[in-house]
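# Observations on chain architecture
What follows is each chain in one-letter form.
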Amino acid sequence: MSNDKKFETKLIHFGGEIDKTTGASSVPIYQASTFHHNDIFNPPTFDYSRSGNPTRQALEDYIALLEGGARGFAFSSGMSAISTTFMLFSAGDHLIVTEDVYGGTYRLLTSILTRMNIETTFVDMTKPEQVKAALKPNTKGVYIETPSNPTLKITDIEFIANWARENNLLSILDNTFMTPYYQRPIELGVDIVLHSATKFLGGHSDVLAGLAVARNDSLGRQLKFLQNGLGTVLGAQESWLLMRGMKTLGARMAHSEISSRKLAEWLSSRSDIQNVYYPGLTNHPGREIHEKQSTGYGAVVSFDVGSEEKAKQVLSKVELPIVAVSLGAVESILSYPAMMSHASMPREVRLERGITDGLLRFSVGLEDIDDLISDLEQALK
Ligand SMILES: *Cc1c(COP(=O)(O)O)cnc(C)c1O
């Protein structure tokens, strides 16, 4: 499809919306591991589903279109996309990573990749001088998450991507929280965009998946080689389900964002809440940079209720949101980073990064916001 359509139109008309063979209104699920060679002298486009599957291919083209990259890749989970991408690096390489990176990525970097002699310096990426100071002769990549999880700190994407290019570093960004609906890092100079598609892209808490988009064909070929070589692919069923969810991304994000703004303002007005983290709040330190690089604030609001005891009270008394790890679904999800997503982070590191014992993360779903607020109000009492 031509690239000049508006984002919302691309979400629906992405090239795979009509089956070329039958005219069916969705991509068929090619539940096959291998493909017959009709002509042994001319191998078929798809020959084995680890190397390529038509359903997965439709999804991969879909995310590449949405992010404005050259090629997309689908993986069995967000961590699978992230770990496969890190295999672009070699023993002896050094990486600069945002300090409040997703807990699973932190674990991968600090307890698995260290065994492969890939070392990481964690920095506060909102401070360019810290990023610059971390540069070493063997630095090969910069890894960004903005807004970060769960305290929603904002990194200047364009600045870091330009600095990375000047220093011959690969720039990688985890775009899970914003999705391409609100933020398209490749347009700002980033080389590889990653997603836990388990979250907003899938949107229904029913599929685990990861996506990667490469800025150019050369990086695309390298990622393809790794995806096939490591075998970290997404299955056909999940690929189909993910596309099913992605079609409504715009409508879901827009609705949840309006609700999130209301929730963040309501929380800010309360004296029993210590801190509210949401890039749409006027007092958010990263708001100006965020507005320069994104068209919305997203649907995750974090707030500090002051203590572990109070956090546990809220978690046990809320009736509407599901209390769970994860985010980005039609139903609201309330999570407790200290014991859930960031449990693998040592306590002192966690506290240093603002992930206190009273911090809760609210992923706002599609329920009526007034109901969500009343529910939270009774849980806080
Ligand atoms: C959930 C998440 C991941 C990991 O994705 P999985 O699909 O759970 O493997 C990575 N980054 C961010 C920001 C996430 O929220």
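This structure is a prediction, so every number in the text was calculated from the model and none was measured.

## Things to note about the layout of surface pockets
As a volume, the largest pocket reaches approximately 340 Å³. In this structure, the largest pocket is lined by 25 residues; those nearest its centre are Met79, Tyr102, Gly104, Ser196 and Lys199. Elements represented by at least two residues in the lining of the largest pocket include exactly α3 (78–86) and α4 (103–112). For the lining of the largest pocket, the per-class residue count stands at 9 nonpolar, 11 polar and 5 charged. Mapped onto the domain boundaries, the lining of the largest pocket takes at least three residues apiece from domain 1 (7–246) and domain 2 (250–380).

## Comments concerning the UniProt feature "modified residue: N6-(pyridoxal phosphate)lysine" (unreviewed entry) in the chain
Mapped onto this numbering, the UniProt entry annotates "modified residue: N6-(pyridoxal phosphate)lysine" (unreviewed entry) at Lys199. Take lysine 199: it is sitting in the loop between β6 (192–196) and β7 (210–214). For lysine 199, a relative accessible area of 10% corresponds to the buried category. Dropping the residues within four chain positions of it, lysine 199 is found in contact with Tyr102, Thr176, Ser326, Leu327 and Gly328.

## Remarks on the sheet that holds strand β2 (residues 94–98)
Taken in spatial order, the 7 strands make up an open sheet running β1-β7-β6-β5-β4-β2-β3, and their pairing is mixed. Only two strands of the sheet have a single partner each, and these edge strands are β1 (71–75) and β3 (119–123). The average angle at which neighbouring strand axes cross in this sheet is 20 degrees, direction not considered. The pairing of β2 with strand β4 (residues 139–145) spans 4 bridges and is classified as parallel. For valine 97, the partnering residue across the bridge sits in β4 and is tyrosine 143. Relative to the sheet, α3 contacts β1, β2, β4, β5 (170–174), β6 and β7, its axis offset from that of β6 by approximately 155 degrees. The strands touched by α4 within the sheet are β2, β3 and β4, with β3 carrying the most contacts at an inclination of about 135 degrees.

## A closer look at the pattern of salt bridges
All chains considered together, the criterion is met by 17 salt bridges. With a shortest N-O distance of 3.1 Å, glutamate 119 and lysine 136 are connected by a salt bridge. With a gap of 17 residues between them, glutamate 119 in strand β3 and lysine 136 in the loop between α5 (128–133) and β4 connect regions that are remote in the sequence. A salt bridge links lysine 127 to aspartate 124, with the shortest nitrogen-to-oxygen separation between them at 2.9 Å. Overlapping salt bridges, with partners in common, bring together Glu99, Asp100, Asp124, Lys127 and Lys153 in one network.

Rules used throughout
- Throughout this document, residue positions are counted from 1 along each chain, in the order its sequence is written.
- Local features in this predicted model are restricted to residues of pLDDT 70 or higher, and side-chain atom pairs are both shown and tallied only at a pLDDT of 80 or more, whereas totals for entire chains, interfaces and linings draw on every residue.
- With hydrogens and water set aside, each side-chain value is computed from the structure's full complement of heavy atoms.
- Here the term cavity refers to a set of points on a 1 Å grid, laid over the protein atoms alone, in which a 1.4 Å probe fits but cannot get out; the term pocket refers to an open set having protein on both sides within 12 Å along at least five of seven lines, with lining residues being those that place an atom within 4 Å of a point.
- Grid points are joined across faces, edges and corners, and a volume is the space filled by probe spheres set on the points.
- By the criteria applied, helices consist of DSSP H or I runs no shorter than four residues and strands consist of E runs no shorter than two, each listed in order from the N terminus.
- Lys, Arg, Asp and Glu make up the charged group, whereas Ala, Val, Leu, Ile, Met, Phe, Trp, Tyr, Cys and Pro make up the nonpolar group; the residues left over, Gly among them, are polar.
- The split into domains, and so the bounds of each, comes from an automatic or database assignment of domains.
- UniProt positions are given in the numbering used here, feature names are shortened, and annotations may be inferred rather than shown by experiment.
- The rule is simple: take the accessible area with a 1.4 Å probe, protein chains only, and divide by the maximum for that residue type; under 20% is buried, over 50% is exposed, in between is partly exposed.
- The contact definition used throughout considers only heavy atoms, calling two residues in contact when any of these lie within 4.5 Å.
- A pair of strands is considered paired only if DSSP assigns at least 2 bridges between the two.
- What counts as an axis is a line fitted to C-alpha atoms, over the stretch in contact for a helix, and the angles between N-to-C directions run from 0 to 180 degrees.
- The term salt bridge refers to a pairing of a side-chain nitrogen on Lys or Arg with a carboxyl oxygen on Asp or Glu at a separation within 4 Å.

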